Number of protein chains: 2
Amino acid sequence: MEAQDLKKAGLKATLPRIRILQILEDSKERHMSAEDVYKTLLDLGEEVGLATVYRVLTQFESAGLVMRHNFDSGHSVFELDSGIHHDHMVCLSTGKVIEFQNEEIEKLQKAIAEEHGYELIEHSLVLYVKPK
Amino acid sequence: MEAQDLKKAGLKATLPRIRILQILEDSKERHMSAEDVYKTLLDLGEEVGLATVYRVLTQFESAGLVMRHNFDSGHSVFELDSGIHHDHMVCLSTGKVIEFQNEEIEKLQKAIAEEHGYELIEHSLVLYVKPK
DNA sequence: ACTTTAAATGAGAATAAATGTCGTTGAGGA
DNA sequence: TCCTCAACGACATTTATTCTCATTTAAAGT
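First, a word on scope: everything that follows refers to the structure included in this document. (Residues numbered from 1 in each chain as written. Chains lettered and ligands numbered in written order. Predicted model: local features only at pLDDT ≥ 70, side-chain atom pairs only at ≥ 80, totals over all residues. Heavy atoms only, no water.)

**A closer look at the packing of helix H5 (residues 103-115) of chain A against helix H5 (residues 103-115) of chain B**
Then step 1. The geometry of H5 of chain A relative to H5 of chain B is characterised by a closest axis approach of 10 Å and an angle of 155° between their N-to-C directions. With respect to their mutual orientation, H5 of chain A and H5 of chain B come out roughly antiparallel. The crossing of H5 of chain A and H5 of chain B is left-handed. Together, Glu 104, Ile 105, Leu 108, Gln 109 and Ile 112 of chain A of H5 of chain A and Glu 104, Ile 105, Leu 108, Gln 109 and Ile 112 of chain B of H5 of chain B make up the contact between the two elements.
Then step 2. When its residues are assigned to classes, the contact of H5 of chain A with H5 of chain B shows 6 nonpolar, 2 polar and 2 charged. (Axes fitted to C-alpha atoms, helices over the stretch in contact; angles between N-to-C directions. Helix = DSSP H or I, 4+ residues; strand = E, 2+ residues; numbered from the N terminus. Parallel < 35°, antiparallel > 145°, perpendicular 65-115°, else oblique. Left-handed = near helix turned anticlockwise from the far one by under 90°. Contact = heavy atoms within 4.5 Å. Nonpolar A, V, L, I, M, F, W, Y, C, P; charged D, E, K, R; others polar.)

**A short note on the side chain of His 88 of chain A**
Residues and elements named next belong to chain A.
Then step 1. Counting through the fold element by element, His 88 comes out in strand S4 (residues 87-91).
Then step 2. Polar contacts involving the side chain of His 88 include one to the side chain of His 86, which spans 3.4 Å.
Then step 3. Setting aside its immediate chain neighbours within four residues, His 88 contacts His 31, His 69, Phe 71, Glu 79, Val 97, Ile 98, Glu 99, Phe 100, Leu 125, Val 126 and Leu 127. (Polar contact = N/O pair within 3.5 Å; in protein donor to acceptor, adjacent residues only side chain to side chain.)

**Things to note about the relation of the copies chain B and chain A**
Then step 1. Overlaying chain B on chain A yields an RMSD of 0.1 Å, the required transformation being a rotation through 180° with an accompanying axial translation of 0.0 Å. Look at the turn and shift together and you get a two-fold axis relating the two. Closest to the rotation axis within chain B is the C-alpha of Leu 125 of chain B, separated from it by 2.2 Å.
Then step 2. Take the interface residues of chain B: 100% of them recur as interface residues in chain A, which is what a same-surface contact looks like. (Least-squares fit on C-alpha atoms with pLDDT ≥ 70 in both.)

**Notes on the protein's contact with DNA strand D**
Then step 1. Close to DNA strand D lie 20 residues, the nearest being Thr 14, Glu 47 and Thr 52 of chain A together with Ala 13 and Tyr 54 of chain B.
Then step 2. Arg 17 of chain A places a polar side-chain atom, nitrogen or oxygen, 3.2 Å from a phosphate oxygen of DNA strand D.
Then step 3. A distance of 2.9 Å separates a phosphate oxygen of DNA strand D from a polar backbone atom of Ala 13 of chain B.
Then step 4. Contributing elements (two or more residues each) for the surface near DNA strand D: helix H2 (15-26) and helix H4 (50-62) of chain A together with helix H4 (50-63) of chain B.
Then step 5. Per-element accounting of the surface near DNA strand D gives the leading share, 4 residues, to H4 of chain B.
Then step 6. Among the residues forming the surface near DNA strand D, the class breakdown is 7 nonpolar, 6 polar and 7 charged. (Near = heavy atom within 4 Å.)

Given below as structure tokens:
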């Protein structure tokens, strides 16, 4: 029941928002660009503007429903926030995105920030890999 | 003697290239955007087009003279390649960029890629921090 | 030093991603 | 069901970057 999720997040349950949330949930790809979402909407025969897709994804990000990533592709990709923190590995041959977790790296990052007198707020770690 | 460095890198020693390399060497900021470099050129009274700045920076990157980074700012920044690998910490309050090295994290990254059957080609680690 | 020639440049048009504007529409409380 | 304001669609605009093409220039050959 998506409409409830939206209201819980403080967002009016409009049709575009419901559809976009469904697409993010149902899509094969966990990581989609705004264009990807837009094209999927068109394929489904929905009449939603591209500007709305951008607006909605940004709102979802603010509401904590999705996370935005800037891989080295020149545009943002979005994924549903699973609540479980993880980083990403991008295959340079296939474009496939793999998620991973590593508690040790997390600790080291925090320690490094503190060594320099800072508090770690956020971080971005992406491994670019190729099949062996 | 910059002209020699350029020739060693397989690039013709043209005036725009020499000037841009000098700016990257002399600038207070180690990390500059294409616009930053362009503005500095204008301040110096040089007649170099913005397109040339972009072209040259991209060539420098290919030649291994500079490294390009995509922090979460919507545009690329460039720094002279010191040859010494390091990652970056960006202060969210001041925009200051701090470089750091951590051998342990490097090892863990390599291990993670290999656990998944991949070879680590490249990686991007940025810590977003605030003063304590 | 002078000519030649392919590579590099400058100016401005073009593109891609994303955001802003504004008149219209629709969700949801009265 | 009606009313109101938030949300929307269409399209203009902005920002970062790349492309096009006529002109210039570095540097190899004479």
